[in-house]
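Letter by letter, the chains look like this.
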Amino acid sequence: MQNNSKISIVVTYLPLSEEVDTMTIRCLDLIHDNTFNEHEVIVVSNGIARESFITGIKYDCDIIELPQNNGNAYAWDRGVSTAQSDIVILMDNDVFVEKDWDKDMVDRLSENGVGVTFPYSVLETDDYRSKQYRGRRDGFCFALKKETYSKAGPFLKDQPFHSYYEDDAFFAEVQLNLGLKLVACEGSKVFHKGQGTTKSIWNKEIEDGINKNKEWFENKYNKQYPYLTK
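Notes on the structure follow. (Residues numbered from 1 in each chain as written. Predicted model: local features only at pLDDT ≥ 70, side-chain atom pairs only at ≥ 80, totals over all residues. Heavy atoms only, no water.)

A closer look at the overall build of the chain
Condition: Counting from the N terminus, the helices are the DSSP runs of H or I reaching at least four residues and the strands are the DSSP runs of E reaching at least two. For a compact globule the rule gives 2.2 Å times the number of residues to the power 0.38, and the radius of gyration it is set against comes from C-alpha atoms. For the exposure calls, accessible area comes from a 1.4 Å probe over protein chains only, and a residue counts as buried if that area is under 20% of its type's maximum, exposed if over 50%, partly exposed in between. Every residue pair with non-hydrogen atoms within 4.5 Å of one another is taken to be in contact. In short, Shrake-Rupley with a 1.4 Å probe defines the accessible areas, and a residue's cover is counted only from the protein chains shown. Note that His is not counted, nor are the chain ends; the positive residues are Lys and Arg, and the negative ones are Asp and Glu. By convention, charge coordinates are those of NZ in Lys, CZ in Arg, CG in Asp, or CD in Glu.
Along the backbone of the chain there are 7 helices and 10 strands. By the compact-globule yardstick of 17 Å for 230 residues, the chain fits well, its C-alpha radius of gyration being 17 Å. For the chain, the spread of C-alpha atoms along the principal axes amounts to about 45 × 45 × 35 Å. The proportion of buried residues among the 230 residues of the chain is 53%. Considering only contacts within the chain whose residues lie at least 6 apart along the sequence, 76% involve residues at least 24 apart. A total accessible area of about 11,000 Å² is found for the chain, and carbon and sulfur atoms account for 44% of it. Side chains of the chain carry 27 positive and 37 negative charges; the gap between the two charge centres is 5 Å.

And the structure:
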């Protein structure tokens, strides 16, 4: 794969508050400043984007406004279908990237047998902060080729609830059914402010939905969770 190849970066955004707007704008600023490859940025807003977010964006990006929040899986599908590039990176709006964060992820997709790549990350939530970067097989940031998506996707399938375990299901399709590797790339580093958006909307309905999706996933894949390989 040639350096400086064109990639599409899809950022999902839930328009809840000015705090979320500020966090998302910072995410976009860092993408603009630190991305190695030539790229386009697509923001998928799960709801009509707030004006403070629109006016705060300093750099060119496409914004897709969905009428309501149908979860990350639906937003990812829309983002991939809009992307102009063969390589797509999907990420949450609470991910803050470091210098050349995309290079290793994109380069490793050119290796035979690699289906999805992930960055190394530091994770921080309200009650936890990791002390060092490590590879995580997680849906907050990952890269893939459209060809892989066409075989393993879409992200939104038959899960009972619109959020959670859709990433596990997709990665399981890639690894268990397509026989491709899930690889964490030490040369790509990001900071993830976990629960940067969801903590403000957490309720019993969401918790019940997550439990339903967990049961759905474990029944569908016989409790075989996808895992990282080298």
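Details of the packing of helix 6 (residues 166-177) against helix 7 (residues 204-220)
Convention followed: Interaxial angles span 0 to 180 degrees and are taken between N-to-C directions of axes, which are lines fitted to C-alpha atoms, for helices over the stretch in contact. To sort the angles, those under 35 degrees are grouped as roughly parallel, those over 145 as roughly antiparallel, those from 65 to 115 as roughly perpendicular, and the leftovers as oblique. The crossing is said to be left-handed when, going from far helix to near helix, the turn is anticlockwise and less than a right angle, and right-handed when the turn is clockwise. When residues are sorted by character, Ala, Val, Leu, Ile, Met, Phe, Trp, Tyr, Cys and Pro go into the nonpolar class, Asp, Glu, Lys and Arg into the charged class, and all the rest, Gly among them, into the polar class.
Contact pair helix 6 / helix 7: the axes reach a minimum separation of 10 Å and the direction vectors enclose 15 degrees. Of the possible angle classes, the one that applies to helix 6 and helix 7 is roughly parallel. Between helix 6 and helix 7 lies a crossing of left-handed hand. Note on element contacts: helix 7 touches helix 6 through Trp216, Phe217 and Lys220, opposite Asp168, Ala169, Ala172 and Glu173. Of the residues belonging to the contact of helix 6 with helix 7, the class tally is 4 nonpolar, no polar and 3 charged.

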